[in-house]
Amino acid sequence: MSELNLIPYELKAKRIKKLRNTNYISSGIIVLAILFAIVYVPKLYLNKLNSDEDNLNTKISNNSKIVLENKKLLLDIKNYNLRNNEVDALTKQTVKVTNKIENFEKYIPSTISLTGITYVKGTITIIGNSTNYNSISAFAANLQMSTEYPLAKIQNINNTGNQTDSKVKGYTFTIQINE
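Residues numbered from 1 in each chain as written. Predicted model: local features only at pLDDT ≥ 70, side-chain atom pairs only at ≥ 80, totals over all residues. Heavy atoms only, no water.

**Student:** Help me understand the packing of aromatic side chains in this model?
**Tutor:** Each aromatic ring pair is summarised here by two numbers: the centre-to-centre distance and the angle between the ring planes. In this structure the tally under the stated criterion is four aromatic pairs. Centre to centre, the rings of Tyr107 and Tyr149 are 6.2 Å apart; their planes meet at 90°, and the pair counts as edge-to-face. Pair noted here: Tyr107 is in the loop between α2 (98-102) and β1 (112-120) and Tyr149 is in the loop between α3 (133-145) and β3 (152-159), with a separation of 42 residues, a long-range link. Since its relative accessible area comes to 3%, Tyr149 is described here as buried. (Phe/Tyr/Trp six-rings, centres within 6.5 Å; stacked < 30°, edge-to-face > 60°. Helix = DSSP H or I, 4+ residues; strand = E, 2+ residues; numbered from the N terminus. Buried < 20%, exposed > 50% of the residue type's maximum accessible area, 1.4 Å probe, protein only.)

Below you can see the structure in the form of structure tokens.
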């Protein structure tokens, strides 16, 4: 059986026209939404990426102070280590001469006074003065007879008794001890 269409043609045409217009409008809205998405979504994403980049640059600039401080601290540590190594090297090279110098008092005659003692590379140099010439020779002989300073030698003896500006009247001498 066939259906009977009682809807007038004018209403049917109006209805079809209305449906067509609705389809056009909805298709236009969909096309505009797609164009909007195509145009504005990348711009929004680009703005988000720029914002993230600015945030990261801010973090980097904040951390650059820390990096500079870290470099400074590392340089300070390096300098301190170099100084410590130099001090350690000097400490290892240092020769203890106090016991060698303390032993001199056993051999010094009473008329001799020491004015200087130096120790350089295994050589002890004694500078002093005396009012008695023979005391200087006795001091050197005492040192030579000892087991600690057998290589003691008188380098020079100067007479200061004839000089008017000298405070000490007598003799100045230098004794050298090689180890």
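**Student:** Is there a simple way to explain the nonpolar core in this structure?
**Tutor:** Buried together is how nonpolar side chains tend to be arranged in soluble globular proteins. Residues Phe104, Ile126, Phe139, Leu143, Ile175 and Ile177 are the most contacted members of the largest nonpolar core, which totals 14 residues. Secondary-structure elements contributing two or more residues to this core are β2 (123-130), α3 and β4 (171-178). Among the elements that take part in this core, α3 stands out by supplying four residues, more than any other. Those residues in contact with Phe104, other than ones at most four positions away along the chain, are Ile117, Ile124, Ile126, Phe139, Leu143, Tyr149 and Ile177. (Core = buried A, V, L, I, M, F, W, Y, C linked by side-chain atoms within 4.5 Å. Contact = heavy atoms within 4.5 Å.)

**Student:** Before we go on, may I ask you to explain the sheet that holds β1 in this structure?
**Tutor:** Sheet strands pair by backbone hydrogen bonding; their relative direction is either parallel or antiparallel. If you trace the four strands from one edge of the open sheet to the other, you get β1-β2-β4-β3, paired in antiparallel fashion. The open sheet terminates on both sides in strands that have one partner only, identified here as β1 and β3. For this sheet, the mean inter-axis angle between neighbouring strands, taken without regard to orientation, is 15°. Where β3 lies against β4, seven bridges are found, and the strand directions are antiparallel. Each bridged residue has a counterpart across the sheet, and for Asn158 the counterpart in β4 is Thr172. (Pairing = 2+ DSSP bridges. Axes fitted to C-alpha atoms, helices over the stretch in contact; angles between N-to-C directions.)

**Student:** Please explain the pairing of β4 as it appears in this structure.
**Tutor:** Each regular strand carries side chains that alternate between the two faces of the sheet. Bridge analysis of β2 against β4 gives eight bridges, and the strand direction is antiparallel. The partner of Thr125 across the bridge, within β4, is Gln176.

**Student:** Mind showing me how you'd approach the pattern of salt bridges here?
**Tutor:** Any two side chains of opposite charge can pair, so long as their charged atoms come close to each other. On inspection of all chains with the given rule, the structure shows three salt bridges. Here Asp52 ties to Lys48 by a salt bridge, and the two come within 3.1 Å at their closest N and O atoms. With Asp52 and Lys48 both in helix α1 (residues 9-93) and four residues apart, this pair spans about one turn of that helix. (Salt bridge = Lys/Arg side-chain N within 4 Å of Asp/Glu carboxyl O.)

Coordinates in, geometry out; function isn't part of it.
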